[in-house]
Amino acid sequence: MQAIIPAGGWGTRMMPFSAITAKELAPIGTKPAIQWTLEEAAANGISSVIVVSNRAKTNLTDFLTGDFPEDFQEKPGVREWLEFRDRMDITVTFQEEMKGLGDAFLCGYKVAKDDEFYLM
């Protein structure tokens, strides 16, 4: 089962925070918002997600698929995130233009592995 998670918007209602980092990385308690979403998806049987982002959100892409500095890999929270991320199939795709939510889901659908998915 796959899920498509739209994460391409600019976060204008969260300025100035979202001018510096992706709104999906805003902390909620001890985790970024996107981590809560992915963990909830996994808890409901979803093992593969497609996150639709925009190319300017390099920090979000790095969080989802990139390498963490070795100095941080054994820190509490980071280790658990990396272990979770290894179990979840995370694909990041991009909206070339911000054309709204429908376009974001269409971008995700184009890279979906099958026709059965959830929109989150």
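Relevant structure appears above.
Residue numbers here run from 1 along each chain, matching the order of that chain's written sequence. Side-chain atom pairs in this predicted model are given and counted only at pLDDT of 80 or more, local residue features only at pLDDT of at least 70, and totals for whole chains, interfaces and linings cover all residues. Here the side-chain values reflect all heavy atoms present in the structure, with hydrogen atoms and water set aside.

### Quick word on the overall build of the protein
(1) Moving on: Numbered from the N terminus, helices here are DSSP runs of H or I no shorter than four residues, and strands are runs of E no shorter than two. Across its full length, the protein holds five helices and six strands.
(2) Moving on: When its helices and strands are written in sequence order, the protein yields β-α-β-β-α-β-α-α-β-α-β.
(3) Moving on: The globule rule is 2.2 Å times the number of residues to the power 0.38, and the radius of gyration it is compared with is taken over C-alpha atoms. For 120 residues, the compact-globule estimate of 2.2 N^0.38 gives 14 Å, and the C-alpha radius of gyration of the protein, at 14 Å, lies within 12% of that figure.
(4) Moving on: Only protein chains enter the accessibility calculation, which uses a 1.4 Å probe. A residue is then buried if its area is under 20% of the maximum for its type, exposed if over 50%, and partly exposed in between. Looking at the protein as a whole, 42% of its 120 residues qualify as buried.
(5) Moving on: When checking whether two residues touch, look at their non-hydrogen atoms; a contact exists if any pair is within 4.5 Å. Look at the contacts in the protein between residues 6 or more apart in sequence, and 71% of them connect residues 24 or more apart.
(6) Moving on: For accessible areas, the Shrake-Rupley method is used with a probe of radius 1.4 Å. Any residue's cover is judged against the shown protein chains and nothing else. Put simply, the protein shows about 7200 Å² of open surface, and 55% of that area lies on carbon and sulfur atoms.

### What to know about helix H4 (residues 78–87)
(1) Moving on: Residues Val78, Trp81, Leu82, Phe84 and Arg85 constitute the buried set of H4. Looking straight down H4, one finds its buried side chains confined to an arc of 160°; they lie on one side. Opposite the buried face of H4, at more than 90 degrees from it, the exposed residues are Asp86 and Arg87.
(2) Moving on: Among the structural elements, helix H2 (33–43), helix H3 (58–65) and strand E5 (89–94) are those in contact with the buried residues of H4. Comment: arc refers to directions from the helix axis out to C-beta atoms.

### Side note on the packing of aromatic side chains
(1) Moving on: Between the rings of Phe, Tyr and Trp (Trp by its six-membered ring), a pair exists once the centres lie within 6.5 Å; its type follows the angle of the planes, with under 30 degrees stacked, over 60 edge-to-face, and the other angles tilted. Evaluation of the coordinates by the stated rule reveals three aromatic pairs.
(2) Moving on: Look at Phe63 and Trp81: their rings are 4.4 Å apart centre to centre, the planes differ by 10°, and that puts the pair in the stacked class. You can see Phe63 sitting in helix H3 and its partner Trp81 sitting in helix H4, a full 18 residues away along the chain.
(3) Moving on: Exposure remark for Trp81: the relative accessible area of 2% places this residue in the buried category.
(4) Moving on: Aromatic rings pair up to connect Phe63, Phe68, Trp81 and Phe84 into one cluster.
(5) Moving on: Here, over-ring charges are defined by two tests on the NZ atom of lysine or the CZ atom of arginine: distance to the ring centre within 6 Å, and angle to the ring normal within 35 degrees. Here the basic side chain of Lys31 rests over the ring of Trp36, its NZ or CZ set 4.3 Å away from the ring centre.

### Quick look at the pairing of strand E4 (residues 48–53)
(1) Moving on: Counting buried positions over the six residues of E4 gives six, a clear majority of the element.
(2) Moving on: Covered by surrounding structure in E4 are Ser48, Ile50 and Val52 together with Val49, Val51 and Ser53, the residues of both alternating faces.
(3) Moving on: With five bridges joining them, strand E1 (residues 2–6) and E4 adopt parallel strand pairing. Following the sheet pairing, Gln2 is matched in E4 by Ser48.
(4) Moving on: Pairing between strands is defined by DSSP: at least two bridges between them are needed. As paired elements, E4 and E5 share six bridges and run parallel to each other. Opposite Ile50, over in E5, you have Thr91 as the bridge partner.

Honestly, that's just the spatial picture; any functional story needs more than this.
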